[in-house]
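Geometric and topological summary
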Amino acid sequence: MRFLHTSDWHLGRSFHRVGMLGAQAEFIGHLVSTAREREVDAVVVSGDVYDRAVPPLSAVELFDDALHRLADLGVPTVMISGNHDSARRLGVGAGLMGRAGIHLRTEPSACGTPVLLPDAHGDVAFYGLPYLEPALVRDEFGVERAGHETVLAAAMDRVRADLAARPAGTRSVVLAHAFVTGGEPSDSERDIAVGGVASVPAAVFDGVDYAALGHLHGCQTLTDRVRYSGSPLPYSFSEAGHRKSMWLVDLAADGSVTAERVDCRVPRPLARIRGTLEELLADPALAPHEEAWVEATLTDPVRPADPMARLAERFPHALALVFDPDRPPDDPDVSYARRLAGRDDQQIAEDFVAHVRGAGPDAHERTVLRDAFDAVRADEAAREVAR
């Protein structure tokens, strides 16, 4: 069984102020041509098809075009909803689409019901685990405390139970949208932490032949059988070092896995440059970045006049400007943003308590703060589902 593993299309998203719809359409064309030329048996899409719950019409039209082209090829597609998608909206018409070979898996209750695709060696069971917001699915899975690991483990228990009831030798692929321990995040993923914990161990996927992951935007291999495809396009400058690609996976008769990266074309390279304005304008070593999308961090002690306009003379595709003056960390003029860099909401709230009271929160107060953040995030998720 040969299949393409991709995820995190984020249709409708822009890169800073640059619209990406044209690049996203080019990627869809690349996906379809790869599926045809490499003679794949299936395509799997592991969530975040859209960038938001109610996507713009142009993004919906591109999605519709992608589904028609894959269906016309006769290549079955298995797709799950991610944390950016509205599961209910994405799943509209799933039953009808399934007749055309487009299998949408957006309902948590269906985690243990696979899409069965045959090859010369028997069936391969594709299990779709859509993004599982712990506070919204705890009752479905009967877990006492809502957490990513507990709900995903419960969903995988259903997968293993179904697989155990199938004929010996049935191979299995799981699609999941989650932050798995060992993965490297970037700045463009929406935080999904619950109770201060975002990640789940890779061992939760034990018992299946391949776990096709989505959510993190960098292509990465956690184990030979647990992989992220990453996003096919960049969505933040933290992805400047990424090689954008899909996985072309061959699943042998004995369940062994071989995987090859298929590169995706990006509109422009990304570059992060740093120095004083005069250094950036004069440094010959920066010449290779003159046609790239650029994020420039200026270290001038005093903000120079018209920095973006001056940068654009050399770097016409400069998109982002960051000011980080070279000053000692205890300098009172160090920016608030710089002091908060790398700190999550829980840490910022705890620091605030310490600042106004003279002492940080105790264990009970930390729990109250954590529960409050979780409740707000769960409420936001519920509102998106209801839209």
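Thresholds, definitions, all that
Residues numbered from 1 in each chain as written. Predicted model: local features only at pLDDT ≥ 70, side-chain atom pairs only at ≥ 80, totals over all residues. Heavy atoms only, no water. UniProt positions renumbered as here; feature names shortened; annotations may be inferred. Helix = DSSP H or I, 4+ residues; strand = E, 2+ residues; numbered from the N terminus. Expected span 1.5 Å × (residues − 1). Buried < 20%, exposed > 50% of the residue type's maximum accessible area, 1.4 Å probe, protein only. Arc of directions from axis to C-beta. Contact = heavy atoms within 4.5 Å. Phe/Tyr/Trp six-rings, centres within 6.5 Å; stacked < 30°, edge-to-face > 60°. Lys NZ or Arg CZ within 6 Å of the ring centre and 35° of its normal. Axes fitted to C-alpha atoms, helices over the stretch in contact; angles between N-to-C directions. Parallel < 35°, antiparallel > 145°, perpendicular 65-115°, else oblique. Pairing = 2+ DSSP bridges. Salt bridge = Lys/Arg side-chain N within 4 Å of Asp/Glu carboxyl O.

- Under an unreviewed UniProt entry, the protein chain has the name Nuclease SbcCD subunit D and belongs to Streptomyces althioticus subsp. attaecolombicae.
- Quoted straight from UniProt, the Sequence similarities (unreviewed entry) entry for the protein chain says "Belongs to the SbcD family."
- Quoted verbatim from the Subunit (unreviewed entry) heading of the UniProt record, the comment on the protein chain is "Heterodimer of SbcC and SbcD."

**A look at helix H2 (residues 57-73)**
- The end-to-end C-alpha distance of H2, which contains 17 residues, comes to 25 Å, matching closely the 24 Å that a straight helix rising 1.5 Å per residue would cover.
- All of the buried residues along H2 are Ala59, Leu62, Phe63, Ala66, Leu67 and Leu70. Along the axis of H2, the buried positions cluster into a sector of 135°, meaning they face one direction only. Those residues of H2 that are exposed and aimed more than 90 degrees away from the buried face are Leu57 and Asp72.
- Each element contacted by the buried residues of H2 is listed here: helix H1 (21-37), strand S4 (42-46), strand S5 (77-80), helix H3 (87-90), helix H4 (94-98) and strand S6 (102-105).
- Directly beyond the C-terminal end of H2, a positive phi value near 75° is found at Gly74.

**Overview of the packing of aromatic side chains**
- Evaluation of the coordinates by the stated rule reveals six aromatic pairs.
- When the ring of Trp9 is compared with that of Phe27, the centres are 5.8 Å apart and the planes differ by 70°; the resulting orientation is edge-to-face. Placement of the pair is Trp9 in the loop between strand S1 (2-6) and strand S2 (14-15) and Phe27 in helix H1, with a sequence separation of 18 residues. Phe27 carries the same exposure label as Trp9, and that label is buried.
- The cationic tip of Arg227 hangs over the ring face of Trp247; the distance from NZ or CZ to the ring centre is 4.5 Å.
- The side chain of Arg303 reaches across the aromatic face of Phe323, ending 3.6 Å from its centre.

**Regarding the packing of H1 against H2**
- Here H1 crosses H2 at 10°, and the two axes come no closer than 10 Å. In this view, H1 runs roughly parallel relative to H2, as classed from their interaxial angle. Of the residues in H2, those touching H1 at Leu21, Gln24, Ala25, Ile28, Gly29, Val32, Ala35 and Arg36 are Ser58, Ala59, Leu62, Ala66, Arg69, Leu70 and Leu73.

**Some words on the sheet that holds strand S8 (residues 122-129)**
- As summarised here, the arrangement of the six strands in space is S7-S8-S9-S12-S14-S13, forming an open sheet in which the pairing is mixed. The open sheet has two free edges, formed respectively by strand S7 (115-119) and strand S13 (220-223), since each of these has just one partner strand. The average undirected angle you get between the axes of adjacent strands in this sheet is 20°.
- Lying over the sheet, helix H6 (residues 148-164) contacts S8 and strand S9 (171-177), oriented at roughly 160° with respect to S8.

**A short note on the pattern of salt bridges**
- Scanning the entire structure with this criterion turns up 18 salt bridges.
- With a closest N to O distance of 3.7 Å, Arg225 and Asp209 form a salt bridge. Of the two residues, Arg225 is situated in the loop between S13 and strand S14 (226-228) and Asp209 in the loop between strand S11 (199-200) and strand S12 (210-214); the sequence distance between them amounts to 16 residues.
- Overall, the relative accessible area of 33% leaves Arg225 in the partly exposed class.
- A salt bridge links Arg268 to Glu291, with the shortest nitrogen-to-oxygen separation between them at 3.9 Å. Remark: Glu291 occurs in the loop between helix H7 (277-282) and strand S18 (293-298) and Arg268 occurs in the loop between strand S16 (257-263) and strand S17 (270-275); sequence separation between them is 23 residues.
- You can call Arg268 partly exposed: its relative accessible area is 25%.
- When its relative accessible area of 49% is taken as the criterion, Glu291 is described as partly exposed.

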